[in-house]
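Listed here are the chains, written in short residue letters.
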Amino acid sequence: MLYPVAALAATALPLTLSDAVLAGTAPTQAHAGPARMVAPDPATCPERVALANGGFEQPVVTGGAWASFPDASRGGPNAVPGWRTTSTDHLIEIWSTRMGVPPAEGKQFGELNATQVATLYQDRPTTPGQKLYWRLSHRGRLGTDTMALDIGDPAGPAQQAIASDGTAKWGTYSGTYTVPAGMTTTRFAFRSISAAGGNPSVGNFLDDVFFGTAPCVVVSKTASPQGPLDVGEEITYRLTAVNKGGGEADNVRLTDTVPAGTTFVPGSLQVVDGPNSGAKTDQAGDDQAEFDPATGKITIMLGNGATAVAGGQLPNSDALPDGTTVEFRVKVGRAIAGKQATNQGTVDYENRLGPDPEPLTSTSGDIVTEINPAVDLSVVKTAEQTRVTAGGMISYHVAVRNAGPNDATGVVVKDTLPAGLALLSATPSTGTYAGDTWTVGTLAAGATATLTIQAKATTVAETTNTATASGKELDLDPSNNSDSVKVCVDPAPACPYCRTEERRLTR
Ligand SMILES: [Ca+2]
Ligand SMILES: [Ca+2]
Ligand SMILES: [Ca+2]
């Protein structure tokens, strides 16, 4: 009949599709050279899969050299996170270094055979089509112990590998697993096969177990203050790298070139949060961060174990929820007055879960800071006469120039005539003069406006006349916004006849 045939077709189709999708988007291996994967963002990082407590570091064995703990199904403060066992007593055995066997990772490891021959497992939510990586370390206790790794449907996971190791050293195993269509929960299980000595409570040490998705680093960035900012102010950039994947990211390096028109603030490199936090020097070779003045490039090695020459490891966000954050500062230069400071950071890292390191790259995306316009108004004031007699006329010339870089708006020049001078006329090349204020208005970058003032000297004096320019925009050099000129007003000489007459009258 038709129904079973249709059902078969419906299940077969998604399988084919999902395989095709995988071929197109699954991370590629590093053989192709420098080509790097497209930057992931939280939306494109695949749903994270990662085991809990893969190194059996929890709960911490205290008091003795080993301890049996209830499995995760029992709950409670003493339960082993993540792991469950098919053992009827639900006990999981964990060893500390005090038993004289060095862990493969950290300070503790598990023993598969706790009190019974059993299976240790974790069930994780998975997305069909996902590529998952697995890795484990296995060791015999009294001789050669053997176990199977099973992965798949919790109702009956399929054998992936057999681990058989003696007591001399940890054996390491790794592989990949693609989640089949329809499987939204995947079981990852260790099944005891045999143990030297035959004691059901002895055998098959386990450590450094991983099962999950590739690392996926997401980079975000902030600039503070948000702006708009003036030329001469500083921007603090903070970049945060969080690993939203399953496995740890390796060889994690952040690079960031300071935005055009800004200069790096020396001594401003620091790891704000995460592994190795603290201030770093600008110099290369002495710690995990450096600034290269020749290229304007900042390089910071991130993560656990980062050095001056190699990036460290960034655990996933289950282990390090906030990732790691770094900071540096730049000073806004006049070249970007009235423009924008645009910056983005890049994090390069590797997925080392497979047989070859796979290079991956993430960027923060652009962060844009508006920069206010800036100008440099300057005033030059001259007088055609520096010495006049009382009652005579003085011609003043005022020039206001805008050296830029942006157009100046709302430009006014204050030019108050000193006492003893009476205004005759004021002739601006642009704008208007009223009272003691020349309203220039807009003055383009590079433009000059002039004003001629004619005044009558009414009082004998040494007069100083000052003109001062101001505008709406930040003035990059306030020292040249004023200029003064000095004029001497002498007494008018009396005529010879008057002098004789004065003498005669006083006799
Ligand atoms: Ca461990
Ligand atoms: Ca340094
Ligand atoms: Ca100025």
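On a predicted model such as this, the values are computed, not experimentally measured, just so you know.

## Describing the overall build of the chain
- Tallying secondary structure elements over the chain gives 2 helices and 37 strands in all.
- For the chain, with 507 residues in total, the buried portion stands at 37%.
- Once local pairs closer than 6 in sequence are excluded, the contacts in the chain between residues at least 24 apart make up 74%.

## Re the sheet that holds strand E34 (residues 448-457)
- Pairing in this open sheet of 4 strands is antiparallel, and the strands run E27-E29-E34-E31 from one edge to the other. Where the open sheet ends on each side, the last strands, each with one partner, are strand E27 (377-383) and strand E31 (421-428). The mean inter-strand angle of the sheet, taken between neighbouring strand axes irrespective of direction, is 20°.

## Here we look at the environment of Val398
- Counting through the fold element by element, Val398 comes out in strand E29 (residues 393-402).
- Since 24 C-beta atoms lie within 10 Å of it, Val398 is described here as buried.
- In this structure the C-alpha to C-alpha distance between Val398 and Thr382, which are 16 residues apart in sequence, comes to 6.6 Å.

## Observations regarding the pairing of strand E11 (residues 205-212)
- Counting buried positions over the 8 residues of E11 gives 7, a clear majority of the element.
- Relative to E11, strand E4 (residues 108-111) runs antiparallel, the two being bridged by 2 bridges. Looking across to E11, one finds that Gly110 is bridged to Leu206.
- In this structure, strand E6 (residues 131-139) lies alongside E11, joined through 6 bridges in antiparallel fashion. Looking across to E11, one finds that Ser137 is bridged to Asp207.

## Considering the sheet that holds strand E8 (residues 158-165)
- Spatially, 5 strands are ordered E2-E5-E10-E7-E8 in an open sheet, and the strand pairing comes out antiparallel. The open sheet terminates on both sides in strands that have one partner only, identified here as strand E2 (84-85) and E8.
- Sheet analysis places strand E7 (residues 145-152) next to E8, joined by 7 bridges and oriented antiparallel. Across the sheet, residue Asp145 finds its bridge partner in E8, namely Asp165.

## Describing the environment of Thr324
- Take Thr324: it is sitting in strand E21 (residues 324-332).
- The residues contacting Thr324, other than those within four sequence positions of it, are Ala241, Val271, Asp273, Gly274, Pro275, Leu302, Gly303 and Leu314.

Rules used throughout
- Residues numbered from 1 in each chain as written.
- Chains lettered and ligands numbered in written order.
- Predicted model: local features only at pLDDT ≥ 70, side-chain atom pairs only at ≥ 80, totals over all residues.
- Helix = DSSP H or I, 4+ residues; strand = E, 2+ residues; numbered from the N terminus.
- Buried ≥ 20, exposed ≤ 12 C-beta atoms within 10 Å, placed from the backbone.
- Contact = placed C-beta atoms within 7 Å.
- Pairing = 2+ DSSP bridges.
- Axes fitted to C-alpha atoms, helices over the stretch in contact; angles between N-to-C directions.

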